[in-house]
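Next come the chains, spelled out residue by residue.
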Amino acid sequence: MKKIIQNREGCIGCGTCVALCPKFWEMDDSEGKANLKDAKKNEETGEYELSVEEIECNQEAAEACPVQVIRIEN
Ligand code: F3S
């Protein structure tokens, strides 16, 4: 399993992840931040995590995020 991790706190809501990878990402317009769909909050780190078999478009999203708050753990 691989993990997609978002430091949601640092998200500035630019929407690039949603544009590049809508299967996994959606905008939360009320908060102006992106949600990683079905992710669970890690209460220790405050980050959101989702385990996946395949990274798919999340690699592109991680690379394109202007504030680098998306990362992938293999
Ligand atoms: Fe936020 Fe980065 Fe996506 S700033 S909206 S997580 S591309």
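Right above here is the structure, for reference.
Residues numbered from 1 in each chain as written. Predicted model: local features only at pLDDT ≥ 70, side-chain atom pairs only at ≥ 80, totals over all residues. Heavy atoms only, no water.

Before we move on, could you go through the sheet that holds strand β1 (residues 2-6) and cite the residues and values that matter?
The strand order across the open sheet built from 4 strands is β4-β5-β1-β6, with neighbouring strands paired in antiparallel fashion. Unpaired on one side and paired on the other, β4 (40-41) and β6 (70-73) mark the two borders of the sheet. Pairing geometry for β4 and strand β5 (residues 48-52), over 2 bridges, is antiparallel. Residue pairing for β5: Lys40 is matched across the bridge by Glu49. (Pairing = 2+ DSSP bridges. Helix = DSSP H or I, 4+ residues; strand = E, 2+ residues; numbered from the N terminus.)

Summarise the nonpolar core; cite the residues concerned and give the values.
Counting residues in hydrophobic clusters, the biggest one holds 19 residues, and the most contacted among them are Ile4, Phe24, Trp25, Leu36 and Ile70. Those elements giving two or more residues to this core turn out to be β3 (33-36), β5, α2 (58-64) and β6. Not counting residues up to four positions away in its chain, the partners in contact with Phe24 are Asn35, Leu36, Lys37, Leu50, Val52, Glu56, Cys57 and Asn58. (Core = buried A, V, L, I, M, F, W, Y, C linked by side-chain atoms within 4.5 Å. Buried < 20%, exposed > 50% of the residue type's maximum accessible area, 1.4 Å probe, protein only. Contact = heavy atoms within 4.5 Å.)

Could you give me a rundown of the pairing of strand β2 (residues 25-28), with the residues and numbers involved?
Strand direction decides the pairing type here: β2 and β3, joined by 4 bridges, are antiparallel. Counterpart to Trp25 in the pairing with β3 is Leu36. In textbook terms, the turn of a hairpin is the stretch between consecutive antiparallel strands, and for β2 and β3 this stretch comprises 4 residues, one of which, Gly32, has a positive phi near 65°.

Go over the pattern of salt bridges, please, and point to the residues and values.
Evaluated as defined, the whole model comprises 6 salt bridges. Note that Glu49 is salt-bridged to Lys3, the shortest N-O span being 3.4 Å. On the criterion of sequence distance, the pair formed by Glu49 in strand β5 and Lys3 in strand β1 is long-range, its members being 46 residues apart. Taking the relative accessible area as the measure of exposure, Glu49 reaches 19% and is therefore buried. Taking relative accessible area as the criterion, Lys3 reaches 29% and is therefore assigned partly exposed. As a salt-bridge pair, Glu47 and Arg71 come within 3.0 Å of each other at their nearest N and O atoms. Taken together, the residues span a long stretch of sequence, with Glu47 in the loop between β4 and β5 and Arg71 in strand β6 at a distance of 24 residues. Residues joined in a network through salt bridges with shared partners are Arg8, Asp28 and Glu31. (Salt bridge = Lys/Arg side-chain N within 4 Å of Asp/Glu carboxyl O.)

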